[in-house]
Amino acid sequence: MYSIKKMRIGYCSVCQKRTIFVSFDNWLRESYRCAFCHSSPRQRALIKVLNDNVPEWKQKRIHESSPSGAVHRMLKKYCADYTYSFFYEDKELGKTISAGCTNQNLEDLKFEDNSFDIFITQDVFEHINNPFVAFKEIYRVLKPGGVHIFTVPIDSPLKRTVPRISIENGIRKPILPEVYHGNPIDKENGSLVTYDWGNDICELTEKCSGMPTSIIEFDKYADRDENAYLGLEAYSLYVLVSKKLS
Ligand SMILES: [Zn+2]
């Protein structure tokens, strides 16, 4: 028997209309959904940060890695130059999968330098073998002045980042017990968590890519009323923005 844990009327930044937000679970970050587009707080937070940082994003060149759900549908609908990718280990890198979609490994992107204005990843960087190589790759393919807008779970904001694996001769070796999260292209097995990100994420990102990185912590967001109205009340709700300096 489902019981409602949280519900309120507000405005959804993803489907851009007045809505009702409802959650049947206490873990609001993924469960406090818009009744119309089914977006989660994580997705609405990402779009709010996109709107705040690049208000003219509909005219920009956007690439998203491993998209899913409401944000993917919305960007596809409103951004004329939106492309996306998934990583299939058994397929040739750079190969077209379907219209607008290619096979890409974030650690070895098959895009030219300075290709995109905006690069989006949502809860992807906790699954990458070498995220520091991937941050550098995103730097390379962004145009000067471009931004990487991303989310990662930071469940313990008081802790430093911890790798859960090491790579030896190209093979993943567990350092900590294996944890898997949902994966849109491998629903059965999910995706191995390779890093537990912590409060040093901005420092680490900036150190490897050279891109100044800021974190927007919605828990501490100045206007709590606005936050509530936008359905952004959730524990562990962060969005990060890295900027390639022009
Ligand atoms: Zn919505």
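Relevant structure appears above.
Residues numbered from 1 in each chain as written. Predicted model: local features only at pLDDT ≥ 70, side-chain atom pairs only at ≥ 80, totals over all residues.

Trainee: Help me get a handle on helix α4 (residues 131-141), residues and values and all.
Mentor: Residues of α4 that are buried: Pro131, Ala134, Phe135, Ile138 and Val141. Seen along its axis, α4 keeps its buried residues to an arc of 130 degrees; they face one direction. Residues of α4 that are buried sit in contact with β8 (116-122), β9 (142-151), β15 (195-196) and α5 (201-209). (Buried ≥ 20, exposed ≤ 12 C-beta atoms within 10 Å, placed from the backbone. Helix = DSSP H or I, 4+ residues; strand = E, 2+ residues; numbered from the N terminus. Arc of directions from axis to C-beta. Contact = placed C-beta atoms within 7 Å.)

Trainee: Go over the sheet that holds strand β7 (residues 101-103), please, and point to the residues and values.
Mentor: On the basis of which strands lie adjacent, the open sheet formed by eight strands has the order β6-β7-β5-β4-β8-β9-β17-β16 and mixed pairing. Of all the strands in the sheet, the pair left with one neighbour each is β6 (96-98) and β16 (213-217). Adjacent strand axes in the sheet meet at a mean angle of 25 degrees, parallel and antiparallel pairs treated alike. Pairing of strand β4 (residues 61-65) with β8, which is carried by four bridges, proceeds in the parallel orientation. Note that in β8 the partner of Glu64 across the bridge is Ile120. On top of the sheet, helix α2 (residues 41-53) reaches β8, β9, β16 and β17 (238-243); it is set at about 155 degrees to β9, its chief contact. Contacts between α5 and the sheet are confined to β16 and β17, with β16 contributing the most and set at about 155 degrees to the helix. (Pairing = 2+ DSSP bridges. Axes fitted to C-alpha atoms, helices over the stretch in contact; angles between N-to-C directions.)

Trainee: Lay out the nonpolar core with the relevant residues and their values.
Mentor: Among the nonpolar cores identified, the biggest contains 51 residues, and Val14, Leu46, Ile118, Ile149 and Val239 are the most heavily contacted of them. Of all the secondary-structure elements, those providing two or more residues to this core are α2, α3 (69-78), β5 (81-86), β8, α4, β9 and β17. It is α2 that provides the largest number of residues to this core, a total of five residues. Sequence-distant contacts of Ile149, that is, excluding residues within four places in its chain, are made with Leu46, Val49, Leu50, Asn53, Ile118, Ile120, Val239 and Val241. (Core = buried A, V, L, I, M, F, W, Y, C linked by C-beta atoms within 7 Å.)

Trainee: Go over the environment of Asp25 with me, naming the residues and quoting the values.
Mentor: Along the polypeptide, Asp25 turns up in the loop between β2 (17-23) and α1 (28-31). Separated by 81 residues in the primary sequence, Asp25 and Leu106 place their C-alpha atoms 32 Å from one another. Non-local contacts of Asp25, meaning those with residues more than four positions away in its chain, are made with Lys5 and Ser31.

Trainee: Can you break down the sheet that holds strand β1 (residues 6-12) residue by residue, with the values?
Mentor: The strand order β1-β2-β3 describes an open sheet built from three strands, whose pairing is antiparallel. Strands at the two margins of the open sheet, each flanked by one partner only, are β1 and β3 (33-34). Of the pairings in the sheet, the one linking β2 to β3 comprises two bridges and is antiparallel in character. Following the sheet pairing, Val22 is matched in β3 by Arg33.

Trainee: Please give an account of unusual backbone geometry that cites residues and values.
Mentor: Backbone geometry places Asp123, a non-glycine residue, at a positive phi of 50 degrees. Look at Asn169: it is not a glycine, yet its phi comes out positive at around 50 degrees. The topology assignment puts Asn169 in the loop between β11 (165-168) and β12 (171-174). You can call Asn169 exposed: it has 5 C-beta atoms within 10 Å.

Trainee: Report on the pairing of β8, specifying residues and quantitative values.
Mentor: β8 sits mainly inside the fold: seven of its seven residues count as buried. Note that β8 and β9 share six bridges and pair parallel. Residue pairing in the sheet places Gln122 in a bridge with Thr151 of β9. This β-α-β element, β8 to α4 to β9, shows right-handed connectivity. (Right-handed = clockwise from strand over helix to strand, strands pointing away.)

Trainee: Account for the packing of α2 against α3, with residues named and values stated.
Mentor: Their axes nearest at 8 Å, the elements α2 and α3 cross at an angle of 35 degrees. The residues of α3 that touch α2, namely those facing Gln43, Leu46 and Ile47, are Gly69, Ala70 and Val71. The class makeup of the residues in the contact of α2 with α3 is four nonpolar, two polar and no charged. (Nonpolar A, V, L, I, M, F, W, Y, C, P; charged D, E, K, R; others polar.)

Trainee: So what about the packing of α4 against α5? Which residues, and what values?
Mentor: As a packed pair, α4 and α5 sit with axes 8 Å apart at the nearest point and diverge in direction by 60 degrees. In terms of their interaxial angle, α4 and α5 are classed as oblique. Helix-helix and strand crossings are classified by hand; for α4 and α5 the assignment is right-handed. Along the contact surface, α4 presents Phe132, Phe135, Lys136 and Tyr139, while α5 presents Thr205, Cys208 and Ser209. (Parallel < 35°, antiparallel > 145°, perpendicular 65-115°, else oblique. Left-handed = near helix turned anticlockwise from the far one by under 90°.)

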